[in-house]
Amino acid sequence: MQKALNLNDYPVNQPGKKLDLIINKARKELKNDGCAILRGFLSNEGVKELTKEADAAAKYAHHSSTLTNAYFTEDDPSLPKSHPKRQFFERSNAFIPADKFLKSGALRNIFDQEGFDEFIRACLNEPKDKFFRYADPLADAIVNVSSEGNGFPWHFDTNNYTVTLAIQNATEGGEFEYAPMIRQKDENFAEVSRVLKNKSKMVKSIVLQPGDLQLFKGRYSLHRVAPLKGTVPRYVAILSYVEKENMVGSVERTKQLYGRVLPVHYERAGQRADNFID
């Protein structure tokens, strides 16, 4: 499955000067913007295989439509109605959970490629003792499936960094919009509120192409996916890393995204590397 990666341009399994240049460029982009894009990270064959696998697994996607805020928390009547935690938007989306992808399949083979984890860690410039694969058996390597009318409203990620692989774009729409590093030392509710009201000057918009790799600080950058149009679904693989070993999603959020939870979600509830709202 090594042919799935564009190893000529991104030799993740061969450390050296060429790879160092790529890593340094990604680090600079992440530092300045909280987002780095590596265009054409997958080969055409890799995109084809991932699309085929996503098509086959799409029947296992958990579809949900609900009102949610940026933090995936319940309403808090003790706060003013204008507070960001009380701003709810319709979310209609679907995720194929990690346990529906075979170990021998395209997604897992890419995720388990020799040198891949170390390459991602180096790009993120994270110390080895604060860089771990997300331990959630439903969410470490998933595929987001979006169809016409769907999108994903403004939200923060539970995991510190998100690594995404663009697999297939919808006919129209699906732009990725984000407010880079909007929360760092505190929640920055004032600016979050401006983003939710479409009044912030921080928001940026990008279009990912099939085969692109995106590194994104989703724990700290508010972001959304714009609504889609057309009959072709949008597929994006999401590979997650965190700063704390053995971390999994919260019970409430896991239920929302995947429609079910496992015993491990109750066992490790509340384990986080920071105190931000989920």
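Scroll up for the structure.
Residues numbered from 1 in each chain as written. Predicted model: local features only at pLDDT ≥ 70, side-chain atom pairs only at ≥ 80, totals over all residues. Heavy atoms only, no water.

Caption draft 1: Quick look at the overall build of the chain. Helix and strand content of the chain: seven helices and 14 strands. The globule rule puts the C-alpha radius of gyration for 278 residues at 19 Å, and the 18 Å found for the chain is close to it. Reported as C-alpha extents along the three principal axes, the dimensions of the chain are approximately 55 × 40 × 40 Å. Considering only contacts within the chain whose residues lie at least 6 apart along the sequence, 83% involve residues at least 24 apart. (Helix = DSSP H or I, 4+ residues; strand = E, 2+ residues; numbered from the N terminus. Rg over C-alpha atoms; globule rule 2.2 N^0.38 Å. Contact = heavy atoms within 4.5 Å.)

Caption draft 2: Quick look at the nonpolar core. With 46 residues, the main nonpolar core has Phe41, Phe119, Ile120, Val143, Leu213 and Leu215 as its most contacted residues. Top element by residues in this core is helix α4 (residues 116–124). It accounts for six residues. Among residues more than four places away in sequence, those in contact with Phe41 are Leu5, Asn6, Tyr10, Val12, Phe116, Phe119, Leu165, Gly211, Asp212 and Leu213. In this structure, Ile37, Ile206, Ile238 and Leu257 belong to the second largest nonpolar core, which totals 23 residues. (Core = buried A, V, L, I, M, F, W, Y, C linked by side-chain atoms within 4.5 Å. Buried < 20%, exposed > 50% of the residue type's maximum accessible area, 1.4 Å probe, protein only.)

Caption draft 3: Local environment of the sheet that holds strand β9 (residues 176–179). Read across the sheet, four strands follow the order β6-β12-β9-β10 without closing on themselves; strand pairing throughout is antiparallel. The open sheet terminates on both sides in strands that have one partner only, identified here as β6 (152–155) and β10 (204–206). Averaged over all pairs of adjacent strands, the angle between strand axes in this sheet comes to 15°, irrespective of strand direction. Relative to strand β12 (residues 222–225), β6 runs antiparallel, the two sharing two bridges. Within the sheet, the bridge partner assigned to His155 lies in β12 and is His223. Packing against the sheet, helix α5 (residues 189–196) makes contact with β6, β9 and β12, and its axis sits at approximately 20° to β12. (Pairing = 2+ DSSP bridges. Axes fitted to C-alpha atoms, helices over the stretch in contact; angles between N-to-C directions.)

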